[in-house]
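This is what each chain is made of:
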Amino acid sequence: MDTAAVKQGVREVWEAAILPSLRDFIAIPALSPTFDADWAANGHLDAAAEHLRAWIADRGLPGATLEVVRLPDRSPLLVVDVPGTVDAGTVLLYGHLDKQPPVGGWSEGLGPWTPVQRDERLYGRGSADDGYAGYAATAAIEAVRANGGEHSRCVILLETGEESGSPDLPAYLEHLADRLGEVALVVCLDSGGQDYQRLWLTTSLRGLISIDVTARVLDAGQHSGLAGGVAPSSFRVLRALLDRLEDSATGELLIPELTVEIPAERVAEAKATAEAAPGTMRATFPLHGSTRPMADDELELILNNSWRPTLSVVGASGMPEPADAGNVLRPFTTLSLSFRLPPTADAKAALEAIQKALTTDVPNDATIEFSRVDIANGWNAPALAPWLRDALDRASHEVFGSPWRTVGLGGSIPFMGLLAERYPAAQFVITGALGPDSNAHVPDEWLHVPQAMRVTETVAHVLDAQARA
């Protein structure tokens, strides 16, 4: 395909058709089910799915069928099935339509449901994570067809529960198994990289354990002056138990089931990433005052974030706000623990080891309770097929003018693990327009529009290469 013609065509589609519709999409408060208990009654997820369905239908892709699939008590899934120009298996193109909550603190003139474009930035919740994906996938298919390329059968899947951990996706994959057939290539546009100057390919995703643990020491709170020194502190009990899991001086996790040997090729990729975008990991996050990162070496920070386990205490209950706190020995403390696991760690075995550590020889025989347990395995990409590596090399040179690089994401995309298990022979292209300052999940989320265009062009070239491989 003519690279210049693809570039021009993609730009025209983005400017004339995608951006106006994407702005309307941003205005839909389509919170993921975890953040909207009344999502079914509120109808915003259905509205988002219908918005994309209508837009793609208007594009007139030859032979395409579109359906919003709704299994009972599950969030909707938009399925777009586009017949191929050649028979070379099925390409699955993935994105999601649900959004993180708005949260406060947006800058003046910006808001979660108010689309605002300032130069190359389109602000609004769901712009970069991940509302643009369905548009980009559609535009890539159009670009192939408009410029004499070939593509296999393409199925675009846009789910509405990714930000909740994709709890409904296994049921949908089972429901659609016969329709999907044998998937040869998966393209996921829910990722990004360290800058906006090159193509970034995600080669690993960490797993996750989320668990609430409660230490209960009293049936009712007591005056701390009377009960202190007699009844144990529930906070101290949990503090002692956490020391079994984590070295509080270094942050290193101590449970063997939570660690793995990092593959040599991933270490080599991390070194190349550190060289390609020096200082990015240190500069990405707004460390306060004189706060230093967990390591001084950029490579160590990358490996910490992609292949080493971490623990974050992300919530607590049983503790009043300081202004409301009396001199009371509280009856219980609950901490919400979020573990990020190496991509190849066994999440189930890790959870069992964590629970054993927290319930064996508990200080003062305090009662330990677990609730809200959620686990997900990570994902490690298979080796690139020669045709795919060549396609990525060519696209990176022609579209970006820079070699592609890899990232190992510290977060999780459960969909990838599910697909890897179901389609072990498939190739994966996990990429996207997110950058280190795109503000996904936090105030002032924004999409780098030129990067989204370049990613769209790249997907078009990959589709053509896969069909000809």
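Since the model is a prediction, treat every value here as computed from it, not as a measurement. (Residues numbered from 1 in each chain as written. Predicted model: local features only at pLDDT ≥ 70, side-chain atom pairs only at ≥ 80, totals over all residues. Heavy atoms only, no water.)

Description of the sheet that holds strand 11 (residues 310-317)
Part 1 of the reasoning: Pairing is antiparallel across the open sheet formed by four strands, whose spatial order is 11-13-9-14. Each end of this open sheet is capped by a strand with a single partner; those strands are strand 11 and strand 14 (367-376). The average angle at which neighbouring strand axes cross in this sheet is 20 degrees, direction not considered.
Part 2 of the reasoning: Pairing of strand 9 (residues 207-216) with strand 14, which is carried by eight bridges, proceeds in the antiparallel orientation. In the sheet register, arginine 216 faces strand 14, and the bridge partner there is threonine 367. (Pairing = 2+ DSSP bridges. Helix = DSSP H or I, 4+ residues; strand = E, 2+ residues; numbered from the N terminus. Axes fitted to C-alpha atoms, helices over the stretch in contact; angles between N-to-C directions.)

Topic: unusual backbone geometry
As a rule of thumb, non-glycine residues mostly have phi less than zero, and peptide bonds are mostly trans rather than cis.
Part 1 of the reasoning: The omega torsion of the bond from aspartate 129 to aspartate 130 falls at 10 degrees, within 30 degrees of zero and hence cis.
Part 2 of the reasoning: With respect to the element layout, aspartate 130 can be found in helix 4 (residues 127-146).
Part 3 of the reasoning: The phi dihedral of aspartate 361 is positive, around 50 degrees, even though this residue is not glycine.
Part 4 of the reasoning: Take aspartate 361: it is sitting in the loop between helix 12 (347-359) and strand 14.

Considering the environment of aspartate 178
Part 1 of the reasoning: Residue position: aspartate 178 is located in helix 6 (residues 177-180).
Part 2 of the reasoning: The class of aspartate 178 is exposed, set by a relative accessible area of 77%.
Part 3 of the reasoning: In the structure, aspartate 178 is positioned 26 residues away from serine 152 in sequence and 17 Å away in space, judged by C-alpha atoms. (Buried < 20%, exposed > 50% of the residue type's maximum accessible area, 1.4 Å probe, protein only.)

Some remarks on the sheet that holds strand 5 (residues 121-123)
Part 1 of the reasoning: Sheet architecture is open: three strands sit in the order 4-5-18, paired in antiparallel fashion. Where the open sheet ends on each side, the last strands, each with one partner, are strand 4 (116-118) and strand 18 (446-448). Between one strand axis and the next, the sheet turns by 20 degrees as a mean value, whatever way the strands run.
Part 2 of the reasoning: Alignment of strand 4 against strand 5, held across three bridges, turns out to be antiparallel. Its bridge partner lying in strand 5, valine 116 is registered against tyrosine 123.
Part 3 of the reasoning: Against the sheet, helix 4 contacts strand 5 and strand 18, and its axis sits at roughly 55 degrees relative to strand 18.
Part 4 of the reasoning: Across the sheet, helix 15 (residues 449-468) is in contact with strand 4, strand 5 and strand 18; its angle to strand 18 comes to roughly 55 degrees. (Contact = heavy atoms within 4.5 Å.)

Focus on helix 3 (residues 44-59)
Part 1 of the reasoning: Given a rise of 1.5 Å per residue, 16 residues ought to cover 22 Å, and the 23 Å separating the end C-alpha atoms of helix 3 matches this to within 8%.
Part 2 of the reasoning: Buried within helix 3 we find Leu45, Ala48, Ala49, His51, Leu52, Trp55 and Ile56. All buried residues of helix 3 lie within an arc of 155 degrees about the axis, which places them on one face of the element.
Part 3 of the reasoning: As for helix 3, its buried residues are in contact with helix 1 (3-26), helix 2 (39-42), strand 1 (65-69), strand 2 (77-82), helix 4 and strand 6 (153-159).
Part 4 of the reasoning: Just downstream of helix 3 lies glycine 60, where phi reads positive at about 70 degrees. (Expected span 1.5 Å × (residues − 1). Arc of directions from axis to C-beta.)

Focus on the packing of helix 8 (residues 234-245) against helix 12
The description of two helices packed together rests on the angle between their axes and the distance between the axes.
Part 1 of the reasoning: At a closest axis distance of 9 Å, the pairing of helix 8 and helix 12 adopts a crossing angle of 140 degrees. Accordingly, the angle class assigned to the pair helix 8 and helix 12 is oblique. Helix 12 is crossed by helix 8, and the crossing has right-handed handedness. Residues Leu241, Arg244 and Leu245 of helix 8 pack against Ile354, Ala357 and Leu358 of helix 12. (Parallel < 35°, antiparallel > 145°, perpendicular 65-115°, else oblique. Left-handed = near helix turned anticlockwise from the far one by under 90°.)

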